[in-house]
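Coordinate analysis (summary)
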Amino acid sequence: MGRKRKGRDISGWLIVDKPAGITSTAVVNKVRWAFGAKKAGHAGTLDPEATGVLAVALGEATKTVPYITDALKSYEFTVRFGVATNTDDAEGEAIASSDLRPSDEDIKSALGSFVGDIQQVPPKFSAVKIDGQRAYKLARDGEEIELSARPLWVESLVMLDREDQDHVLLELTCGKGGYVRSIARDLGEALGCYGHVRELRRIWSGPFEAKDGISLETVDELAKTPELDTHLRPLTEGLADLPEVKCTPEGAARLRNGNPGMVIAHDVEFGEACWASLDGEPIAVGVFKAGELHPNRVFVLPPSEG
């Protein structure tokens, strides 16, 4: 029999404005420790040197993580022209260089080819798996690897500022699975001058924005105190992109047991994903069919949140 995990039964989202120089996993571990929570996870990895929104889910909120990772995200990032690196960011080794620098007009013209449904090859130093192993591990071991292109939806890619001839500030809004480093690399190649990411900041992810995030220093200062709990946001914020349906007490009882339950729905189509609530409490997420919700995730919230 497995050992019962120790910690608080606490559920919700903590939006951290991640600093540079720390991994996403380390941030999650810090948050879990600060709350004394049983379970924690995050909705979308940021590279160690990247900053901005890192949405950390606690307890039952971890069941809503897929709905944040599937949502649109927006990044501001600076591309350094003239140098390609093996990691496609400033942390890597230079592997090619050029004296050519594109004009503002050339940059704006090139950005259009990166909007819409595109194919993107992930960086070699990434968490993509090749025959069961992470690409970054193989790359660090000096192995030659080839990664296949993957589809990516890019909502927009715009030029915000031109700091100097070597740098441009861009804003990218994209769907799940996008690599900003690949955008910088491919833009540099399209312009014939090479390029890599110098700085990267995620400004929003789904319903969560960096301006509303808590600093890691504040998490440390408030660790193990009731005041930290006041920064926790409701589990339901992770479901903001899904329609809500209401269920009866009888329907809620069935849903909690993993069975289809009757719900009251308006403007929800057959087969559409949605979430059910009873008296404001989230009960389950599932698919709407013929007046019932067929659950695929059921929430078991602690009494204090019910």
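That block above? That's the structure.
These lines cover the structure that appears in this document, whether it is placed above or below. (Residues numbered from 1 in each chain as written. Predicted model: local features only at pLDDT ≥ 70, side-chain atom pairs only at ≥ 80, totals over all residues. Heavy atoms only, no water.)

Next up on the list: the overall build of the chain. A count of helices and strands for the chain gives eight helices and 18 strands. Along the three orthogonal principal directions, the C-alpha set of the chain runs to about 70 × 45 × 40 Å. Each of the 306 residues in the chain was classed as buried or not, and the buried ones make up 45%. Taking contacts inside the chain between residues at least 6 apart in sequence as the whole, the part at least 24 apart equals 68%. As displayed, the chain offers around 15,300 Å² of accessible surface, 48% of which is attributable to carbon and sulfur atoms. One way to put it: in the chain the 36 positive side-chain charges average out to a point 9 Å from where the 48 negative ones average out. (Helix = DSSP H or I, 4+ residues; strand = E, 2+ residues; numbered from the N terminus. Buried < 20%, exposed > 50% of the residue type's maximum accessible area, 1.4 Å probe, protein only. Contact = heavy atoms within 4.5 Å. Areas by Shrake-Rupley, 256 points an atom, 1.4 Å probe, with all protein chains shown as cover. Lys, Arg positive; Asp, Glu negative; His and termini not counted. Charge placed at Lys NZ, Arg CZ, Asp CG, Glu CD.)

Its identity is not glycine, yet Tyr 194 carries a phi of approximately 70°, on the positive side. Locating Tyr 194 in the fold gives a position in the loop between helix 5 (180–190) and strand 12 (195–205).

Here helix 5 lies mainly inside the structure; eight of its eleven residues are buried. Along helix 5, the positions that sit buried rather than exposed are Val 180, Arg 181, Ser 182, Ile 183, Ala 184, Arg 185, Leu 187 and Gly 188. Elements that come into contact with the buried residues of helix 5 comprise strand 4 (73–81), helix 3 (104–111), strand 7 (116–120), strand 10 (150–164), strand 11 (167–174) and strand 12. Of the residues one or two after helix 5, Gly 192 is the one with positive phi, at around 75°.

Bringing the pattern of salt bridges into the picture now. Taken as a whole and assessed by the stated rule, the structure comprises 18 salt bridges. Linking Arg 185 and Asp 186 is a salt bridge whose minimum nitrogen-to-oxygen distance equals 2.8 Å. With a shortest N-O distance of 3.0 Å, Glu 237 and Arg 233 are connected by a salt bridge. Look at Glu 237 and you get partly exposed, because its relative accessible area is 22%. (Salt bridge = Lys/Arg side-chain N within 4 Å of Asp/Glu carboxyl O.)

Right, let's get into the side chain of Thr 69. Relative to the elements of secondary structure, Thr 69 occurs in helix 2 (residues 65–69). The class for Thr 69 is buried, based on a relative accessible area of 18%. Those residues in contact with Thr 69, other than ones at most four positions away along the chain, are Ala 43, Gly 44 and Lys 176.

Within strand 4, seven of the nine residues are buried, leaving the element largely enclosed by the surrounding structure. Of the pairings in the sheet, the one linking strand 4 to strand 12 comprises nine bridges and is antiparallel in character. Looking at strand 12, one finds that Thr 78 is bridged to Glu 199. (Pairing = 2+ DSSP bridges.)

Core analysis: the biggest nonpolar cluster contains 27 residues, and Phe 77, Leu 157, Leu 170 and Leu 172 have the highest contact counts within it. Contributions of two or more residues to this core are made by strand 4, helix 3, strand 10, strand 11, helix 5 and strand 12. When sequence neighbours within four positions are dropped, the list of residues in contact with Leu 170 reads Tyr 75, Glu 76, Phe 77, Val 79, Leu 111, Leu 157, Val 158, Met 159, Leu 160 and Leu 187. (Core = buried A, V, L, I, M, F, W, Y, C linked by side-chain atoms within 4.5 Å.)

In this structure, strand 7 lies alongside strand 10, joined through five bridges in antiparallel fashion. The partner of Gln 119 across the bridge, within strand 10, is Pro 151. The sheet contact formed by strand 10 and strand 11 spans seven bridges and is antiparallel. In the sheet register, Leu 157 faces strand 11, and the bridge partner there is Leu 172. The turn linking strand 10 back onto strand 11 is made up of two residues.

The next thing to look at is the sheet that holds strand 18 (residues 292–298). Sheet strands pair by backbone hydrogen bonding; their relative direction is either parallel or antiparallel. In space, the five strands of this closed barrel follow the order 14-15-18-17-16, with mixed pairing throughout. On average, each strand axis in the sheet is inclined to that of its neighbour by 55°, with strand direction left out of account. (Axes fitted to C-alpha atoms, helices over the stretch in contact; angles between N-to-C directions.)

A few words on the side chain of Arg 202. One can find Arg 202 in strand 12. Among the polar contacts made by the side chain of Arg 202, one reaches the side chain of Tyr 75 at a distance of 3.4 Å. (Polar contact = N/O pair within 3.5 Å; in protein donor to acceptor, adjacent residues only side chain to side chain.)

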